[in-house]
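So the chains spell out like this:
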Amino acid sequence: MSIAEIKVKKPLRKKTTLAEKWFTALGWKSFPFQREVWEAVARAESGLLHATTGAGKTYAVWLAALNQFALLPVKTKTPLTALGRKRAPVAAPLTVLWITPMRALAADTERSLKLPLEQLELNWTVGMRTGDTSAAQRAKQSRRLPSALITTPESLSLLLSRADAKEIFATLKMVAVDEWHELIGNKRGVQLQLALARLRHWQPELITWGLSATLGNLHHACEVLLPQQDVNIVQGKLGKDLIVDTLLPSTTDRFPWAGHLGLRMLPQVVSEIEQCSSSLVFTNTRSQSELWYQAILEARPDWAGLIALHHGSLDRSVREWVELAIKDGRLKSVVCTSSLDLGVDFLPVQRVFQIGSPKGVARLMQRAGRSGHAPGRPSRVTIVPTHSLELVESIAAQDAIAARRIEPRHSPSKPLDVLVQHLVTVALGGGFVEQQLFQEVRTTFAYRDLTVEQWRWALDFVKHGGSSLTAYPDYRRAIPDENGVWHVPDAHLARRHRMSIGTIVSDASMSLKFWSKGGSGKSLGTVEESFIARMKPGDHLLFGGRLLELVRVDQMVAYVRPAKGKKATVPRWNGGRMPLSSELANAFVDRMVAAAEGKFDGPEMQWVKPLLDVQIKWSALPTRDSLLAEYMQSREGWHFFIYPYAGRNVHLGLASLLAWRLGRIQPNTFSIAVNDYGLELLSATPIDWIKHVKPDLFSENNLLADVIQSLNVGELAQRRFREIARVSGLVFSGGPHAPKSTRQLQASSKLFYDVFQSYDPKNLLLIQAQQEVLRQELDIIRLTETLSLMRAKQLNLQCIKHPTPFAFPLLVERFRESVSSEKLADRISRIVADLEKVAGQGGHGANQDRQAEVQFGVSEPERVKRKRVSKDGSPMINRPHRKSGF
Amino acid sequence: MREFIELEIGAAKVMLLAEKAMYWPERELLFIADIHFGKAAAYRTLGQPVPAGTTVKNLQRLDALLNKYPIKAIIFLGDFLHAPESHAPTTIDVIHKWRKAHQETACILIRGNHDKRAGDPPTKLQIEVVNEPFILDALAFQHSPVTLENYHVVAGHSHPSFQLRGRGHQKITMPCFHHTAGLIVLPSFGEFTGGHPIEVLSDSRVFVTDGSGIWEPNIKKLS
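What you see is a predicted model; the values in this text were computed from it and never measured.

1. Describing the overall build of chain A
Item 1. For chain A, the count of helices and strands is 33 helices and 27 strands.
Item 2. Out of the 886 residues in chain A, the part that is buried amounts to 57%.
Item 3. A separation threshold of at least 6 residues defines the contact pool for chain A, and within that pool the share at least 24 residues apart is 74%.

What follows is the structure in structure tokens.
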């Protein structure tokens, strides 16, 4: 036997993989799903792995990559022996991309990925590149990227915009997309789909793995990540025990009807926190987390240092400190928002509290999964209702989990704003040829049926700013050269594009810093500019769990100093408000229907029974065959309430539609309020609801045309346009780091919306805004289904004397839309006349109640008139107090 | 619905016009604040697509006023051109053509902050350019909305707007004239200029316009 033959034989011998080696060394045992992934990657196959958090997904995919690529020779002539004892002078080039949806996760992922490298003595490096990466780190990376790079979709697009993009990804072999379920349903996911298409164009053999929590539609999730490919769907461990329960309010103490933060539940929550060694308290908004943190500290001053606050607006260093402290078990409890929904494994967390509605089944399961990570320990989440109907939501969520009814997520379809941004990115990243890129873009799921017309329009948009017929003079962003390769000719534009890559649109924010003589105090985080704009120096605010006094505002920085005293405003961050998912809403309706039939199973239903009894006494409950509606007159005007239980988005569409259809009978302006249970139409002029609310109001005839008409007279499309304008580069948002010279470009998107409406109404971005409103905000498909369900039922229209338990939350809702079919001049004249009348009587106080505004955390800064509330908590409107009966 | 509201300021009777301008009948003068010619063009040059047509629309609205009232001179209260990039030939040529059609009407520009950056309009436009304050009788015309001792000031700059709130949670935001002691601020005239909410003072009078009508809402209860 010759020496040459032995050399050939050696690699053929079945040997232990790196993964097995490492697991054996640690005394761990691999799970079947992990071995499944390792084997699939060894066959160079792609796929989707789904399992609950903490099940070991990361190592399934990471070790598969190491098995496959870590022992490849690295630019040296002598191949490495098994464990790289002969250390090569340079680490392996960029081989694996690890995409994570949150910057906060990157650091934790980096730690996890590094672990086996050190113990196996592999010549690989791991690095991060996110919005948080320092300039020095970036510079180092631009010389040589690590073997595995952890990054976000936005930072990946930024890398693609580099002129040498093709070269830096030349050695790439595999992409792992962590928390894919968080990306699939939004434009960030679309941005990633486009980026993956680019990478696959350069590396057709690229292996892609998605890591996902359980979704209602796994096959779709897989198809979006890996279009036109045969793939593996690997199911990980799912059998983790999940306990969902409700913290029932003490029976003697009734809590407010709605719209509250649930602080009444504080004593009980505190005593529950006391009982567990470590817990997370999830709230739905950042403002709510600030208030709860403060309240818990006030209740238990001795917990100072043992509890912490975590939300997305806090400074990164603070957030990282908190994350580490939970991991190390140094904290008893953390009050947090969705900023801790994902990723980072907190082994010590024993129990999770959810303040207020969980809004969705998947979301509740995800949050529950943050606790009890250790094997054998169950995950436990306790819902803390902030108003009575959330008790029903809580038990409905338990029903849905038991029946495994989990929300699906769908990829957006052809968002042109993201495409336009991508075109400029690719033009910067080495340029593109039209036909090739068109084919490439069409390989993505989102753009699989992009038409030639739409493609042409997008090209024209980056070239002329509009369709070629209405070419805008003086304008150009990307243009083809004589060889047909598109480039960005202007360096200023290139820089500005790189600054605005991304699809998340946030309000203009300011950084918050401690005031010191030199002006270089410690950074606390960010607050929205609109919030600071309403404050004066000397005013107090609550931020990061501290009471602060505004000192001065200078150049997008708000300076503060510690303050004493009690009264403070809590910043309001305009986060999107999540609608109740269909799955949860359906489970909720089932419980209502059961209640109407007299069935009140479970402690939650028993507790809420008195409230439902009042609802029955004053009005009625919805049943399987009847649709409940109520009307009422108050000082504000003529109210109409209806309860389809279809989630706030559908209700918004429905309300706009009803307002528009009613307005056709008689021009009018309606103010609209919606929540997850129903909607309110409010007219300032008399309206005969009995006469006008007829089945044909809910007709499907002309539905689309009517909804579009109602959009044109409403404010919704304009709000959606804001995001589209930003993503497509129409509005440059700049931000605190933008150079001064760009400030002159900052105009409000409303201004843009108006100018496009008047001078270029056919602009496709306007049309996209409209379509996105239809699809996402109003959910036209669910709206159509809802309408047909509503028509199938008997309308039960009740005249009510005062707001019922169902109506009251809508009545006090302050975030309102309006839909008007009146002439603007008529509206103004009427309001002016009203003001005249009111001024005469001296009754109508319209001053802003800023204190009240603080309590709610979301919604517009708008005056709220506190409803008079009788001693037992029932609202009184234009009516003498009547005993509520419970 | 009224097309104008008469007001006495500094012993002069003026008319606040629904068209977002002020007219002084005795002297036959028209006052225009913040027209921001070439703003859209400047955006386009800097890579932001904005449809064309705003300049033409501005001029049409000026024409409508010239046809409606006898006007000897138009006084622009600053921010005539938006930015240096607004000197684009497409914009200037259109204004030049308009100017030639109205040679009998004098034009005076009181420099505003944008004019200082953008530079004076080209001489062929025949616009006399002066610094603030520009004094006529007891009135001082300025770009900056600040009071001046012994004079009643007419100014622009702040693009005032006001939110009307009515019954049934209704609200509408509109451009407005904002009158306080010794100072009246005119709404911005230009298309594509937007507004900023005013801070209502105890002696404020507010006149809102929608371009075709003008109203004075009772704001005593709102302030």
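2. Re helix 22 (residues 582-596) of chain A
Residue and element names in this part refer to chain A.
Item 1. In this model, helix 22 (15 residues) spans 21 Å end to end at C-alpha, consistent with the 21 Å of a helix rising 1.5 Å per residue.
Item 2. Taken residue by residue, helix 22 has E583, L584, A585, A587, F588, R591, M592, V593, A594 and A595 as its buried positions.
Item 3. Looking at the packing, one finds that the buried side of helix 22 touches helix 15 (361-368), helix 16 (389-402), helix 23 (603-618) and helix 30 (780-791).
Item 4. Just beyond helix 22, the residue with positive phi is G598, at close to 85 degrees.

3. What to know about the side chain of D108 of chain A
Item 1. As for its position among the elements, D108 of chain A is in helix 5 (residues 103-119).
Item 2. A polar contact of 3.2 Å, which involves the side chain of D108 of chain A, links it to the side chain of K327 of chain A.

4. What to know about the sheet that holds strand 4 (residues 29-32) of chain B
Residues and elements named next belong to chain B.
Item 1. Sheet architecture is open: 7 strands sit in the order 1-2-3-4-5-6-7, paired in mixed fashion. Among the strands making up the open sheet, the edge pair consists of strand 1 (4-9) and strand 7 (128-130). The mean inter-strand angle of the sheet, taken between neighbouring strand axes irrespective of direction, is 25 degrees.
Item 2. Bridge count for strand 4 against strand 5 (residues 73-76) is 4 bridges, and the pairing is parallel. Note that in strand 5 the partner of L30 across the bridge is I74.
Item 3. Contacts from helix 2 (residues 54-68) reach strand 2 (12-17), strand 3 (21-24), strand 4 and strand 5, with the element oriented near 155 degrees to strand 4.

5. Regarding the packing of helix 2 (residues 18-26) of chain A against helix 4 (residues 57-69) of chain A
All names here are of chain A.
Item 1. Between helix 2 and helix 4, the shortest axis-to-axis distance is 8 Å and the interhelical angle comes to 125 degrees. Taken together, helix 2 and helix 4 sit at an angle that is classed as oblique. Taken together, the residues of helix 4 that come into contact with helix 2 (itself represented by L18, A19, W22 and F23) are Y59, L63, L66 and N67.

6. What to know about the nonpolar core
All names here are of chain A.
Item 1. Grouped together as the largest cluster of nonpolar side chains are 56 residues, with contacts concentrated most on L280, V334, M592, L612 and F806.
Item 2. Considering each element in turn, this core owes the most residues, 8 residues, to helix 16.
Item 3. Sequence-distant contacts of L612, defined by excluding residues within four places in its chain, comprise M592, A595, F600, M605, L621 and F806.
Item 4. Among the nonpolar cores identified, the runner-up in size contains 38 residues, and A19, A64, L117 and L211 belong to it.

7. Looking at the pairing of strand 25 (residues 679-683) of chain A
Residues and elements named next belong to chain A.
Item 1. With respect to burial, strand 25 is a largely interior element, 5 of its 5 residues being buried.
Item 2. Note: strand 23 (residues 637-642) against strand 25, 5 bridges, orientation antiparallel. The residue bridging F641 from the neighbouring strand is E680, located in strand 25.

8. Notes on unusual backbone geometry
Item 1. Cis geometry is adopted by the peptide bond preceding P133 of chain B, which originates at E132 of chain B and carries an omega value of -5 degrees.
Item 2. You can see P133 of chain B is positioned in the loop between strand 7 and strand 8 (134-136).
Item 3. Its identity is not glycine, yet E121 of chain A carries a phi of approximately 50 degrees, on the positive side.
Item 4. Examined against the element boundaries, E121 of chain A turns out to sit in the loop between helix 5 and strand 3 (126-129).
Item 5. For E121 of chain A, a relative accessible area of 46% puts it in the partly exposed group.
Item 6. A positive phi angle, near 65 degrees, is found at A11 of chain B, a position not held by glycine.

9. Quick look at helix 11 (residues 218-225) of chain A
Residues and elements named next belong to chain A.
Item 1. Burial analysis of helix 11 places 6 of its 8 residues in the buried class, which makes it a mostly covered element.
Item 2. Within helix 11, the full set of buried residues consists of L218, H220, A221, C222, V224 and L225.
Item 3. Buried residues in helix 11 make contact with strand 1 (47-50), strand 5 (174-177), helix 9 (180-183), helix 10 (187-202), strand 6 (207-212) and strand 7 (232-235).

10. Looking at the pattern of salt bridges
All names here are of chain A.
Item 1. Enumeration according to the criterion identifies 31 salt bridges over all chains in this entry.
Item 2. In this structure, the salt-bridge partner of R351 is E272, at a minimum N-O distance of 2.8 Å. Residue R351 is located in strand 12 (residues 351-355), and its partner E272 is located in helix 12 (residues 266-275); the two are separated by 79 residues in the primary sequence. Exposure class is identical for R351 and E272. Each is buried.
Item 3. For D676, the salt bridge goes to K359, with nearest N and O atoms at 2.9 Å. Taken together, the residues span a long stretch of sequence, with D676 in the loop between strand 24 (669-674) and strand 25 and K359 in the loop between strand 12 and helix 15 at a distance of 317 residues.

11. Digging into the sheet that holds strand 25 of chain A
All names here are of chain A.
Item 1. The strand order 26-22-23-25-24-27 describes an open sheet built from 6 strands, whose pairing is mixed. Across the chains shown, the open sheet's two edge strands, defined by having one partner strand only, are strand 26 (794-799) and strand 27 (817-820). Strand-to-strand twist across the sheet, computed as the mean angle between neighbouring axes with direction ignored, equals 20 degrees.
Item 2. Taken together, the 5 bridges between strand 24 and strand 25 define a ladder with antiparallel strand orientation. Counterpart to V674 in the pairing with strand 25 is L679.
Item 3. The strands that helix 24 (residues 648-665) touches are strand 24, strand 25 and strand 27; relative to strand 24, the one it contacts most, it runs at about 165 degrees.

12. A closer look at the packing of aromatic side chains
All names here are of chain A.
Item 1. Evaluated as defined, the whole model comprises 26 aromatic pairs over all chains.
Item 2. Residues F169 and W202 carry aromatic rings whose centres are separated by 6.4 Å and whose planes lie at 20 degrees to one another, so their mutual orientation is stacked. Pair noted here: F169 is in the loop between helix 8 (165-168) and strand 5 and W202 is in helix 10, with a separation of 33 residues, a long-range link. Of the two residues examined, F169 and W202, each falls in the buried class.
Item 3. Look at F432 and W486: their rings are 5.5 Å apart centre to centre, the planes differ by 10 degrees, and that puts the pair in the stacked class. Taken as a pair, F432 in strand 14 (residues 432-433) and W486 in strand 16 (residues 485-487) lie far apart in primary sequence, 54 residues in all.
Item 4. Look at F432 and you get buried, because its relative accessible area is 2%.
Item 5. A cation sits over an aromatic face here: R448 above F445, 4.0 Å from the ring centre.
Item 6. The aromatic ring of F600 is capped on one face by K609, whose charged end is 5.3 Å from the ring centroid.

13. Quick word on the environment of R477 of chain A
Residue and element names in this part refer to chain A.
Item 1. Mapped onto the elements, R477 comes out in the loop between helix 19 (452-464) and strand 15 (479-480).
Item 2. Looking at R477, the relative accessible area reads 8%, which means it is buried.
Item 3. For the pair R477 and F461, spaced 16 residues apart in sequence, the C-alpha to C-alpha distance is 8.7 Å.

14. Comments concerning the pairing of strand 1 of chain B
Consecutive residues of a regular strand have side chains that alternate between opposite faces of the sheet.
All names here are of chain B.
Item 1. Of the two faces of strand 1, only the one carrying I5, L7 and I9 is buried; F4, E6 and E8 on the other face are not.
Item 2. Across 6 bridges, the pairing between strand 1 and strand 2 is antiparallel. Paired with F4 across the two strands is L17, which belongs to strand 2.
Item 3. Hairpin remark: strand 1 followed by strand 2, antiparallel, with 2 residues in the connecting loop; positive phi at G10, about 50 degrees.

15. Points about the environment of Q709 of chain A
Item 1. Inspection of the secondary structure puts Q709 of chain A in helix 26 (residues 703-712).
Item 2. Taking the C-alpha atoms as reference, Q709 of chain A lies 7.6 Å from W660 of chain A; in sequence the two are 49 residues apart.

16. Let's talk about the environment of Q268 of chain A
All names here are of chain A.
Item 1. Along the polypeptide, Q268 turns up in helix 12.
Item 2. C-alpha of Q268 to C-alpha of M174: the two residues are 94 residues apart in sequence and 49 Å apart in space.
Item 3. Among all residues touching Q268, those that are not within four sequence positions of it are L247, L248, P249 and S250.

17. A closer look at the side chain of E440 of chain A
Residue and element names in this part refer to chain A.
Item 1. With respect to the helices, strands and loops of the structure, E440 is situated in helix 18 (residues 434-442).
Item 2. The class for E440 is buried, based on a relative accessible area of 5%.
Item 3. Excluding residues within four positions of it along the chain, E440 makes contact with A197, R198 and H201.

About the thresholds
- Residues numbered from 1 in each chain as written.
- Chains lettered and ligands numbered in written order.
- Predicted model: local features only at pLDDT ≥ 70, side-chain atom pairs only at ≥ 80, totals over all residues.
- Heavy atoms only, no water.
- Helix = DSSP H or I, 4+ residues; strand = E, 2+ residues; numbered from the N terminus.
- Buried < 20%, exposed > 50% of the residue type's maximum accessible area, 1.4 Å probe, protein only.
- Contact = heavy atoms within 4.5 Å.
- Expected span 1.5 Å × (residues − 1).
- Polar contact = N/O pair within 3.5 Å; in protein donor to acceptor, adjacent residues only side chain to side chain.
- Pairing = 2+ DSSP bridges.
- Axes fitted to C-alpha atoms, helices over the stretch in contact; angles between N-to-C directions.
- Parallel < 35°, antiparallel > 145°, perpendicular 65-115°, else oblique.
- Core = buried A, V, L, I, M, F, W, Y, C linked by side-chain atoms within 4.5 Å.
- Salt bridge = Lys/Arg side-chain N within 4 Å of Asp/Glu carboxyl O.
- Phe/Tyr/Trp six-rings, centres within 6.5 Å; stacked < 30°, edge-to-face > 60°.
- Lys NZ or Arg CZ within 6 Å of the ring centre and 35° of its normal.

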